[in-house]
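Each chain, written out:
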Amino acid sequence: MLSSSFIWYTIIVVAVLSFLHGSTKKKKLPPGPRGVPILGHLHMIGKNPHQDLHRIAQKHGPIMYVQFGFVPHIVVSSPQAAEQFLKTYDLVFAGRPPHQAAKYLSWDQRNLSFGTYGPYWRYTRKLCTLELLSSPKISSFHAFLVEWLKHAGLERISVDLSAKVSSLTTEMSCMMVFSKKYEDKDIDERGFKVVIQEAMKLAAIRNLGDYFPFLGVLDLQGLTKRVKALSKVFDDFCEKVIDDHVRDGDQGGTKDIVDTMLSITQSRETEFQFDRRHVKAIMLDMLVASMDTTASTVEWILSELLKNPRVMGKVQKELELVVGLDRMVEESDLESLEYLDMVVKETFRLHPVAPLLLPHYSLEDCTVDGYHIPKHARIFVNTFAIGRDPSAWTDPEKFNPERFNGSSIDLRGQHFQLLPFGSGRRGCPGMQLGLIVVRLIVAQLVHCFDWKLPNNMLPSELDMTEEFGLVVTRAEHLIAVPTYRLQK
Ligand code: HEM
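Only a predicted model underlies this, so the values are computations on that prediction, with no experimental measurement involved.

Peer 1: It is not clear to me how the overall build of the protein should be interpreted in this structure. Could you clarify?
Peer 2: Of the regular secondary structure elements, the protein holds 18 helices and 11 strands. The buried share among the 488 residues of the protein stands at 44%. Considering only intrachain contacts with a sequence separation of at least 6, the fraction spanning at least 24 residues in the protein is 73%.

Here is the structure:
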């Protein structure tokens, strides 16, 4: 590993060189804090960038300019500003920036999440939306979930809810994307959760190579090395899944998205290249995009319920009224569970699991609210800040699901004060599925069981510290003690 003085020395040399070559045309950029030479504002950002950017934006306004190394970033922190970027100028900001980690983890950004805006992205987005996210497949998870719950009910001991929920969503995601259950050892001896979370962390770490492009090849932080090792793990796993599909191909049964993509590689019907790398990038994307987001959302909802016994009681009461105590909650019950819906919205407001969305990228120069937004700026829409904007929310720090009573505010991207799934062209294509899975898991966990914190811990003592990644999780696993409460 290189010494830190060498790293700083290299950064300074590269910075001075490019400053000498650079031109500095002045246009009216959005306001922002005073940066320092070379680093820009990198030094102002700590472990939880969404929280730091929220704090800084409170001083500088809802459209803020910061520079990380040489790369301009625009931070968007109010509903009105978010509407400008995600609706009024949606097309201009529909790009995704080049990204070192994504480059290795998605076969040169051939996936949907980090794919460059253009015909390939449009095609794959349509393909995924049609193939994967249609509702018949959603209901097929149901039986599997019920089985898991019955098993957990028998244990009646302290349960690591974070781990349970995560392995549940992993299995559901595998079934959804690969129509098959894969076991942890199929990916790596560390298992899916660890491997996928490492990918999320590596993709979110500030990589000097992204901010000082000349430094990328030097890999001063050793990140590229780690990412490359991880990409080998993913590649081996995806090859295995493809081989399984090819082997099982002729045995009938319903086709899944992997089969569909494999047939596209042979049909040559697309105007762009579509080969095995594309299949692997997209299948991994679906797995990664669905696993941690849903697991972490469920974790935050359960944490808030454990922290707020009054709200937990009300959710259980609603379930008793709508479902009763002599059968399990079913997907068809969800639309009648209005209070649960408010709890989900309120949790998303305070804990959006992708608080900065995925980075957007300006495809051309643009003027927003009189400010110049340069081409190739990265845009962070800070939904963590938007959910706490006092001009949009009364008592923003308070967990109060009743605020949605009689309110038309929805979370599907039409109301810019609540954007857990983003909005516009790049908004989450898995929203429908994600919401059903989340509501179903929470409803069944709370309907089947009473939950208590372990060791007589008081609700107010539950630690809610966040750990930043592309998906923000709880820093500490959520542990609770279930008691089965159904009558059968
Ligand atoms: C509770 C669950 C989920 C949450 C909170 C969530 C949230 C998000 C967010 C915030 C984005 C970025 C939007 C933007 O950059 O503007 C996103 C993108 C995406 N999500 Fe989800 N998501 C969830 C579940 C899913 C599921 C189940 C799938 C697929 C099976 C999925 C697939 C994707 C994909 C492919 C993208 C990238 C879209 C693009 O760039 O065109 N998500 N999601």
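Peer 1: Where do I start with the site of the ligand in this structure?
Peer 2: Surrounding the ligand, one finds 26 residues, the nearest of these being Ser290, Gly422, Cys428, Gly430 and Gly434. Mapped by element, the contributors of at least two residues to the shell around the ligand are helix 5 (119-132), helix 14 (276-307) and helix 18 (431-448). With seven residues, the single largest contributor to the shell around the ligand is helix 14. For the shell around the ligand, a count of residues per class yields 14 nonpolar, nine polar and three charged.

Peer 1: Just checking my understanding: could you explain the packing of helix 10 (residues 191-204) against helix 12 (residues 223-248) for this structure?
Peer 2: Axis separation between helix 10 and helix 12 bottoms out at 11 Å; the angle between their running directions is 145 degrees. With respect to the hand of their crossing, helix 10 and helix 12 are arranged in left-handed fashion. On the side of helix 10, the interface is formed by Val195, Glu198, Ala199 and Leu202, while helix 12 contributes Leu223, Arg226, Val227, Leu230 and Val233. Class assignment of the residues belonging to the contact of helix 10 with helix 12 gives a composition of seven nonpolar, no polar and two charged.

Peer 1: I would appreciate a short explanation of the nonpolar core in the present structure.
Peer 2: The tendency in soluble globular proteins is for nonpolar side chains to be buried as a group. If you look at the biggest cluster of nonpolar residues, it comprises 124 residues, and the most contacted ones within it are Val76, Phe85, Met283, Val381 and Val442. Broken down by element, this core gets its largest block of residues, 17 residues, from helix 14. Every residue in contact with Val381, bar those within four places of it in the chain, is listed here: Val76, Ala82, Phe85, Leu86, Leu356, Leu357 and Leu419.

Peer 1: Can you walk me through helix 14 in this structure?
Peer 2: For the α-helix, the turn length of 3.6 residues means that residues three or four positions removed from each other point alike. Over its 32 residues, helix 14 runs 47 Å from end to end, which matches the ideal 46 Å to within 8%, given 1.5 Å per residue. Among the 32 residues that make up helix 14, 29 are buried, leaving the element largely enclosed by the rest of the structure.

Peer 1: So what exactly am I meant to see when it comes to the sheet that holds strand 8 (residues 449-452) here?
Peer 2: Read from one edge of the open sheet, three strands run 3-11-8, paired in antiparallel fashion. Because the sheet does not close on itself, it has two edges, and the strands there are strand 3 (159-160) and strand 8. In terms of strand pairing, strand 3 meets strand 11 (residues 479-484) through two bridges, oriented antiparallel. In the strand pairing of strand 11, Asp160 is matched with Ile479.

Peer 1: Even after reading the chapter, I still don't get unusual backbone geometry, so can you show me in this structure?
Peer 2: With the exception of glycine, the majority of residues adopt a negative phi angle, and the majority of peptide bonds are in the trans configuration. Even without glycine at this site, Ile38 takes up a positive phi of about 70 degrees. Counting through the fold element by element, Ile38 comes out in the loop between helix 1 (4-21) and helix 2 (49-60). We note that Trp107 has phi near 45 degrees; this positive angle belongs to a residue other than glycine. Take Trp107: it is sitting in the loop between helix 4 (100-105) and helix 5. Since 23 C-beta atoms lie within 10 Å of it, Trp107 is described here as buried.

Peer 1: How do you make sense of the UniProt feature "binding site: heme" (unreviewed entry) in the protein when you look at a structure like this?
Peer 2: Mapped onto this numbering, the UniProt entry annotates "binding site: heme" (unreviewed entry) at Cys428. When residues no more than four places from it in sequence are discounted, the contact partners of Cys428 are Phe421, Gly422 and Gly434.

Peer 1: Help me understand the sheet that holds strand 7 (residues 378-381), please; the structure alone is not making it clear to me.
Peer 2: Sheet strands associate in pairs through backbone hydrogen bonding, adopting either a parallel or an antiparallel arrangement. If you walk across this open sheet you meet the four strands as 1-2-7-4, and the pairing is mixed. Of all strands in the sheet, those bounded by a partner on one side alone are strand 1 (63-68) and strand 4 (360-361). Along the sheet, helix 2 makes contact with strand 1, strand 2 (71-76) and strand 7, crossing strand 1 at roughly 125 degrees. Packed on one face of the sheet, helix 3 (residues 79-88) meets strand 1, strand 2 and strand 7 and runs near 135 degrees to strand 7.

Peer 1: How should the environment of Glu461 be read in this particular structure?
Peer 2: Looking at where Glu461 falls in the secondary structure, it is placed in the loop between strand 8 and strand 9 (466-467). Between the alpha carbons of Glu461 and Lys307 there is a distance of 8.2 Å; along the sequence they are 154 residues apart.

Peer 1: Looking at this model, I keep getting lost on helix 12. Mind explaining?
Peer 2: Spanning 26 residues, helix 12 covers 37 Å between terminal C-alpha atoms, matching the ideal 38 Å at 1.5 Å per step. Every buried residue of helix 12 is accounted for by Leu223, Thr224, Val227, Phe234, Phe237, Cys238, Val241 and His245.

Peer 1: What exactly am I supposed to notice about the environment of Lys180 here?
Peer 2: Structurally, Lys180 is set in the loop between helix 8 (161-178) and helix 9 (184-187). We classify Lys180 as partly exposed; it has 14 C-beta atoms within 10 Å. Distance from Lys180 to His245, taken between C-alpha atoms, is 9.9 Å for residues 65 residues apart in sequence.

Peer 1: Help me out: how do you make sense of the pairing of strand 7 in this one?
Peer 2: Across a regular strand the side chains alternate sides, sitting on one face of the sheet and then on the other. Along strand 7, one buried face is formed by Arg378 and Phe380 and the opposite face, lined by Ile379 and Val381, is buried too. Where strand 2 lies against strand 7, four bridges are found, and the strand directions are parallel. Considered in strand 7, the bridge of Ile74 is made with Ile379. Here two bridges tie strand 4 to strand 7, and the two strands are oriented antiparallel to one another. When the bridges of strand 7 are listed, Tyr361 appears paired with Arg378.

Peer 1: Looking at this structure, how should I read the environment of Phe384?
Peer 2: Looking at where Phe384 falls in the secondary structure, it is placed in helix 17 (residues 383-386). C-alpha separation for the pair Phe384 and Ser77, spaced 307 residues apart in sequence, amounts to 8.3 Å. Once residues within four sequence positions are removed from consideration, Phe384 is found in contact with His50, Gln51, His54, Pro352 and Pro355.

Conventions adopted
- Residues numbered from 1 in each chain as written.
- Predicted model: local features only at pLDDT ≥ 70, side-chain atom pairs only at ≥ 80, totals over all residues.
- Helix = DSSP H or I, 4+ residues; strand = E, 2+ residues; numbered from the N terminus.
- Buried ≥ 20, exposed ≤ 12 C-beta atoms within 10 Å, placed from the backbone.
- Contact = placed C-beta atoms within 7 Å.
- Near = placed C-beta within 6 Å.
- Nonpolar A, V, L, I, M, F, W, Y, C, P; charged D, E, K, R; others polar.
- Axes fitted to C-alpha atoms, helices over the stretch in contact; angles between N-to-C directions.
- Left-handed = near helix turned anticlockwise from the far one by under 90°.
- Core = buried A, V, L, I, M, F, W, Y, C linked by C-beta atoms within 7 Å.
- Expected span 1.5 Å × (residues − 1).
- Pairing = 2+ DSSP bridges.
- UniProt positions renumbered as here; feature names shortened; annotations may be inferred.

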